[in-house]
Structures are given as structure tokens and as C-alpha cells.
Amino acid sequence: MIKEFRLPDLGEGLTESEILSWKVAVGDTVALNQVIAEVETAKAVVELPSPFAGVITALHEQPGTVVEVGKPIVSFEVEGDDGAPSAGGPAPVETAKREPNLVGYGAVVEGSGRPARRARTFAAPVEPVETRAPVAPAVEPVETRAPAPAPAAERPRSTPPVRKLAKDLGVELTAVTGTGAGGLITRDDVRNFVGGGDLPTAARALAGAEAAGSTVSATPEQRETRTPIKGVRKLTAAAMVSSAFTAPHASEFLTVDVTPTMELLARLKAGRAFEGFKLTPLTLVAKALLIALRRQPSLNSRWDDANQEIVQYNYVNLGIAAATPRGLTVPNIKDAHSMSLAELSAALTALTETARAGKTSPAELSGGTISITNIGVFGIDAGTPILNPGEAAILAMGAVRKMPWEYKDEVALRQVMTLSLSFDHRLVDGEQGSRFLADIGAILADPGMVLAMV
Amino acid sequence: MFTDELGQGGNVTDGPDNSAGHHGGARENLVQLITPGGERVSHPQYDAWVRDVSDEQLGSLYEDLVVIRRIDTEATALQRQGELGLWPPLLGQEAAQIGSARALRDDDFVFSSYRENGVAYCRGVDLSDILKVWRGNASAGWDPYTVNMATPQIIIGAQTLHATGYAMGIQNDGADSVAITYFGDGATSEGDVNEAMVFAASFQSPVIFFCQNNHWAISEPVRLQSHIRIADRAAGFGIPGIRVDGNDVLAVMAATREALERARHGGGPTFIEAVTYRMGPHTTADDPTRYRDANELEDWAAKDPIARIKGLLERKGLLTEQLEARVAAKADAVAREVRAGCINMPDPQPLDIFKHVYSTPNSWLDRQEDHYSRYLASFGDPAGANSEEGAR
């Protein structure tokens, strides 16, 4: 007979998981507990062991799909009826044709002996009380039912996040038809309702923002180091998108002869003052950015849509995009603006080592104000980096290459780097963005220019 | 070309570790009777405590280790299949649990945390009773007095107080049984554990504090919680502390037997730190790859408790096909029993909630039960009527 395996709640109270890969194909014979799939929840990547021994007849979901808990994901042809071995165990209870407890710890709602969630028989006022045999007559409280207070229609069934969404959108849940299990109103129901109904524009925009959360990742061609959003990152991304999807990116490029900076780097490394520090081009680019930022503070700001305010930071938490075993993260250096070059160097080293070890703390990942991404380490020259959500600018530093370049009116082999800057055009005009990038370029082309800037 | 920022500095040194992070070092004072390679090494003090362990018993210990690992993997699979809400795997801690539990007498009493399912197996707890709570079918799985093991304590370290209290009761009874309480490295940071040790020391109660130092309190490494070896904390309470290789079933057994003997003869409490490693996640809802180094897991896999006793049996020529077949058959049977017991577990009924509130009849509770059954009946559903019927 055919048996279905429904996606269970793999953590505590999770509602969905993403199928990462199937380890079996249709037609495969699998043993009990053989790993059949790898899935990622908001909490962990886990392997799914087969609940049956049998032959796979259908895989209902493709890898990369996010599946709701309770949806069938795979079907098996199981010999006989004993996919679940019964030998040795207590006899199955006849009444309860039990399904796995799919979400959280609660009982499964189905037609067994449970009264849970069934509407009480309010409608016809319940028969008067006197027929009930009092248990302890002496203390029996008066059980007279007050005239049934206007039979409270049951609140439309939904979940707190959905009620919140509906409230935010100004949607009356009573007007929405639920399509979820047992008439449960889902987020989609609310969004669809908004889509079809006549609602204030603001509400529409908000609904659009919510919806965008699920589609925005489908434009990878703009992104250089884009990885599929899943699990924790998907949650994070959804939160980010809801606030950042409106940030219009503008990008600019500047190619600079950084030979003087590389020479400075060599001198600093050789000098005693920086003994024991790990100075790299990134250290100097970071410092140049911090100096240039003082002259163009609008690149260190945030668009606060909720309050309709622009938040100008008077400090810099400098984010550094880092490739880690778990994907791209952007930990930031707190108060980088007040650091000396040595301190900045030490902070960068600590940050990258922590990231590389996969030990970056959530605190280090939040609160960034502007970021640098070092795409040069991959041998790349330029790109249009995507803003770390909530930030106004991100600088991508390209590879340092020896190239024929104009030098003192002649062509010489010089060390050249391309800088790419993306900024939020709501906050930053082309003028500020251009001046900022030009300042960084000027410092790297001639570190002495700092004297003219600070 | 740039230096890769993430690749710079190949000469990275990790921060200073507490001693718990270093194993096999010269300072190590770890009691070990079987090396990770399976070699029996002699120990001047602890050899005597396991001298009587026969070849056959070694085989049984091996079987126990394999069986409880199998119970654990089966339960983990059941969680992944939606049959259990949650499960706290014991993977890697088998020897610590078996070595200590098999040293106990039937009249000793166990107060454990939620991870000692191997201990519960040794005490004879019905396999499906172990799973009840994790399936959400009951608030507690079994009657503690039938197996002399309290149901698992979820609150970190609270069971140590229960154990000390019970041990003080043993003293009042003038009996020679012992209370043993199991907890982890993280629990030693809790007030309860410290209070329990203060009382145990003051009253010289017959209680064993058995700490499985599995190195991780969920995501908190032990070195952040204890700047000294955990066993060394015991001295501060005036309790003898011993540090034993928790992946060495014989060493654990020897240390536990010594502590039991001390307790039975009025010698008071003992603190045992069994140094082991949680090879799996904290629970099935946890992802350890987010906070710990894969290399660490590899290091500990090389000290696996089962591979170790298997190695010893092999060296002694005891690892026969017969034994292997017997152990495999037992593990398979137990796994089947776990699965069947879980899947076929009857659902609790609404009125079951009144069952274990008081040990003796209580008129107020009866009254509430009556009210509740009539409430259920008010749904006007034949199934509700069934529930009422079940109430009487």
C-alpha cells in the first residue's frame, strides 16, 4: 500500500522547512531510517530518516522548495500494512487513527475523541441547571447560567503573527476566508485579501513588502556573492527586505593607482610601530574610508521609514563582508571611527579570525553602519555590491593588479585597484557619493592627501 | 593580489583553554583503565574496583553500550519522523551512563537530568515509558518507586537537591543505600547544585554527584563556565572529587563503585566528573555546527566509548562472531520495541489529567473532575460522551 510521509516539525514549533536535497529517487528501495533527504529548518540542517521500509513512488517537492509542516513530501509503496512495526508494542488504539504530531507539542486536531477547538453548542441555550446532580450540595455554587451573553461568535481562526499582519494592514479577519487547515487564516489569505480588496495605499505597500520577501531573492544576476536564502538567513532576509527593499542602489567605480599605498604598507610593516600587527591593504582601505566618511557623513546614515526620519550616525560600526563556512556574514567593528590604525588592524584581525572560526556572535553581526567587501581576494576587479540592509553605503575593493598605467606622463607598470561603491540613493545624492569615492581614491593614490583632509 | 583576509595569519593561536579543554596532557589526572585504542592499562588505585569484572561481564557492558546508542539513534529518527516532539541525544556519553548505572544496587536511587536515558534503560524503565514525555503524551513517564529512579528533571540541576534530600532520608532510615544524581557541566554553575553539595557535605549524606562533563552547556563551552577543572570544585565543599575518563566504561564503573562504597559506610558524598563529549546536538532542535568546531568532534570520535571497549574485547580475543551477532540482535530487537512502543502509544484522554495529582482520593479533585467531564459532554459530541464514560 502507499504511505505518505508528511514533513514533521523538526524543531520546536517550526512551521516550515526547506528541502535541500533528496538522497533517494523514485523507484529506490529504502530501508527503515535510511536517510532520504536533507532539510534545513530555521534552526538546523537535519537529515530525514525514512519512516518506512519500501519503494519510493513519488517525491512531492523539489530541492530548494520551502515546505509547510504537514505537507506530504514523499510517498512509499510499503509491503502489507506494517510500515510501522507492531511486534512487541501495545495494540494500537482503534479509535485514534493517529497521525504524527506535526506542529509543536499540541494534540493533532482530528475526528478522534478530543473536544479541542470544536465549537461549543452555544446556539440553543443549554438546558436549565437543576437537572444536574450537585456533587457537594452544601457548597455547590449557584450554577444558573446568566442569559447567554450574545452568543460570542468564535474569533476567526488564525495565528498571532497573522493577526498582527492583518492589524497592520487594517484587515478585519472576519472578512477573510481561511484556506489553511480547518479554515485557518494564513498570511497568504490576508495578503490575497489585500490584493483584491479596496485598501489604503500604505497598506498595499506594506503588503507588497511582505510579499516581496519571498521573491526578491530571485534576481541573482545583480549579486556577486549571492547564495540562496534559507533557514536562519531566510528569516533574517525577510526582516531586512521588509525595511530595505525600497533602497534604490546607485553604483560608481573608480580605478586608482595605489602604488603609493602599497609602498606605505610595506614601510609600515617593516617599521617597529606595527610589529605584531597584521597590516593588509584592507586595513588601509578601511582607514581611508573612515577618513573620507568624516567629510561625507551622509554615507553613514539610515533611512528610518517607520518614523519618516533620516538617522545620521555620529559613530561608525564598520562592517566587513566575510565568507564563512556558513555563508556570507557581515560582522562589524564597533566604533571604528575612534580607532587608531593599530587598533583598527587588531580589530580586523580579530573579526576575521572569529568569522573564519564560525564563532561570530549575533551582536557582532548587528548594528553596522557602513560596510566594506573585499572582492579582490577572489581576483575580482569591480562589481556592484548590495547594501547591507539598513546601511547607506558599501565599498567593494577589487584586486590589486600590476597594469600599464599613466605615471608622470609616461606609461609605467603600476599597482592598480578598482573601487566600487554602492549607495542608497534616497539618502545620498550623486554628489556626496562621488566625492566620497573620490576622497578614498585620493588617499589611496597619495596617502599624504590625508593631511589635507583631517 | 590581496592577502585573503580570512586566510591571513596561519599562526593563529587559540585563547587559553581551561584544563577541561586539554586531554591527555601531562598534568592530566584522569582515571583511565582502557585507552582509546582499547588497551587495558593498570591503575594502582582503581584496578581493584573492577577486578571482579569477568570477560562475560565485559561483553555485557559492550552490549549495553551498543543497545543504548541504538535506543538513542532510533529515538532521534522518530523525532525526525514526527513521532516525538523533541529528543535529547546521549551520543558519546554511553560509557559514562552505563559504567555508573551498572555499578548501582537495585535499592539505590537515581535522580537524573533528561539525558540519562541510558541510565533509565539500566534501571529497567519500560522503553515506551522513556518516550512518553518526549511524545507529549504524559507529564512524567513512570512510577519512580518501581525502578528507584525519579523521572527526568528538566530544570537544570534541580535534581541534585532531590538527591541530597533523599540521601538525608536514607541516613534517617539508617539504611545503606545511596542516592546518585546525574547532571552536566553547565549545571555546576547553578545554585541548586552548589546548595545540594553544601548540604550533602554538612550532613555527610550518602549521595554521589555524577557530573557528565560533555563540554557543552548547549552552546556554552565548559571553559567559559569553569576556570578550573570541574572535579576540583568539589574540594571547596569538602567533598572528594575525582576526574575519570567518561568514555571508559571500566574507569567509570571503578570510580562509581568506590564512591558507592564510601557512601554506604558513612563516608559521605563524592563528586565524580566523567569527562566525556556530547557528540550530537543538545537536542534535536539544536544545530551544534553553528557554535563548535568540526575538528573537536573528530578528536572525540577517536575516543569513542564503544570503539574503545570493542578494542579491548578484540585484544582479549573475546569479540567473537557469536557475541557480535548477539549484540546486534539485541540492539535490533530493542530498536523495534522502541519504535513500536512509540508509534502505538495510546493517546492520553482528557480526564487523565486528574490521575496523578494526589496519591490518595481527594473530594475537591473529584468535584473538578466531575465538572470537567460534564464540560466535555457539553460539546454534544458522542466522542465527548466517551470521555465522560471513561471518567468514572
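Scope of this entry: the structure provided in the associated data block. Predicted, not measured: the structure shown is a model, and the values here were computed from it.

1. Here's the deal with the overall build of chain B
Consideration 1: Broken down by element type, chain B carries 15 helices and seven strands.
Consideration 2: The buried share of chain B, reckoned over its 392 residues, is 48%.
Consideration 3: In chain B, the proportion of contacts linking residues at least 24 apart, taken out of those at least 6 apart, comes to 76%.

2. Digging into helix H9 (residues 430-445) of chain A
Residue and element names in this part refer to chain A.
Consideration 1: Over its 16 residues, H9 runs 22 Å from end to end, which matches the ideal 22 Å to within 8%, given 1.5 Å per residue.
Consideration 2: Taken together, the buried positions of H9 are occupied by Gly433, Phe436, Leu437, Asp439, Ile440, Gly441, Ile443 and Leu444.
Consideration 3: Looking at the buried side of H9, the elements it contacts are strand E9 (249-257), helix H5 (259-270), helix H6 (281-295), strand E19 (410-424) and helix H10 (450-453).

3. Some details on the environment of Gln312(A)
All names here are of chain A.
Consideration 1: Along the chain, Gln312 falls in strand E11 (residues 309-312).
Consideration 2: Spatially, the C-alpha atoms of Gln312 and Thr369 are 9.7 Å apart, while their sequence positions differ by 57 residues.
Consideration 3: Sequence-distant contacts of Gln312, defined by excluding residues within four places in its chain, comprise Pro297 and Ser301.

4. Looking at the sheet that holds strand E2 (residues 16-22) of chain A
Residue and element names in this part refer to chain A.
Consideration 1: Taken in spatial order, the four strands make up an open sheet running E5-E4-E2-E7, and their pairing is antiparallel. Only two strands of the sheet have a single neighbouring strand rather than two, namely strand E5 (45-49) and strand E7 (66-68). Going across the sheet, the axis of each strand differs from the next one's by a mean of 40°, ignoring polarity.
Consideration 2: Inspection of the sheet shows E2 paired to E7 by three bridges, in the antiparallel sense. Bridge pairing links Glu16 to Glu68 in E7.

5. Regarding unusual backbone geometry
All names here are of chain A.
Consideration 1: Backbone geometry at Asn33 places phi at a positive 70°, although glycine is not the residue there.
Consideration 2: Its place among the elements puts Asn33 in the loop between strand E3 (29-30) and strand E4 (35-40).
Consideration 3: The residue Lys408 is not glycine, and still its phi comes out positive at about 50°.
Consideration 4: Inspection of the secondary structure assignment puts Lys408 in the loop between strand E18 (401-407) and E19.
Consideration 5: For Lys408, a count of 5 C-beta atoms within 10 Å puts it in the exposed group.

6. Some remarks on the pairing of strand E10 (residues 301-304) of chain A
Residue and element names in this part refer to chain A.
Consideration 1: Where E10 meets E11, four bridges bridge the pair, whose relative direction is antiparallel. Paired with Arg302 across the bridge in E11 is Val311.
Consideration 2: Between E10 and E11, which follow one another and run antiparallel, lie four residues, and Gln308 among them has a positive phi close to 50°.

7. Examining the environment of Gly118(B)
Residue and element names in this part refer to chain B.
Consideration 1: Considering the arrangement of structural elements, one finds Gly118 in helix H3 (residues 117-123).
Consideration 2: Sequence separation between Gly118 and Gln93 is 25 residues, and the spatial gap between their C-alpha atoms is 8.9 Å.
Consideration 3: Contacts of Gly118, omitting those with residues within four sequence positions, involve Ile68, Leu90, Glu94, Gln97, Ile98 and Ala101.

8. Some thoughts on the packing of H6(A) against H9(A)
All names here are of chain A.
Consideration 1: Axis separation between H6 and H9 bottoms out at 9 Å; the angle between their running directions is 135°. Taken together, H6 and H9 sit at an angle that is classed as oblique. Where H6 crosses over H9, the two elements pack in a sense that is right-handed. From H6, Val285, Ala288, Leu289, Ile291, Ala292 and Arg295 reach across to H9, where they touch Phe436, Asp439, Ile440, Ile443 and Leu444.
Consideration 2: Taken together, the residues of the contact of H6 with H9 sort by class into nine nonpolar, no polar and two charged.

9. Concerning the environment of Glu38(A)
All names here are of chain A.
Consideration 1: Tracing the backbone shows Glu38 in strand E4.
Consideration 2: Accessibility expressed as a C-beta count within 10 Å gives 16 for Glu38, which makes it partly exposed.
Consideration 3: Each C-alpha atom, one on Glu38 and one on Pro63, is 9.1 Å from the other, the two residues being 25 residues apart in sequence.
Consideration 4: Not counting residues up to four positions away in its chain, the partners in contact with Glu38 are Leu20, Ser21, Lys23, Val45 and Glu47.

About the criteria used
- Residues numbered from 1 in each chain as written.
- Chains lettered and ligands numbered in written order.
- Predicted model: local features only at pLDDT ≥ 70, side-chain atom pairs only at ≥ 80, totals over all residues.
- Helix = DSSP H or I, 4+ residues; strand = E, 2+ residues; numbered from the N terminus.
- Buried ≥ 20, exposed ≤ 12 C-beta atoms within 10 Å, placed from the backbone.
- Contact = placed C-beta atoms within 7 Å.
- Expected span 1.5 Å × (residues − 1).
- Pairing = 2+ DSSP bridges.
- Axes fitted to C-alpha atoms, helices over the stretch in contact; angles between N-to-C directions.
- Parallel < 35°, antiparallel > 145°, perpendicular 65-115°, else oblique.
- Left-handed = near helix turned anticlockwise from the far one by under 90°.
- Nonpolar A, V, L, I, M, F, W, Y, C, P; charged D, E, K, R; others polar.

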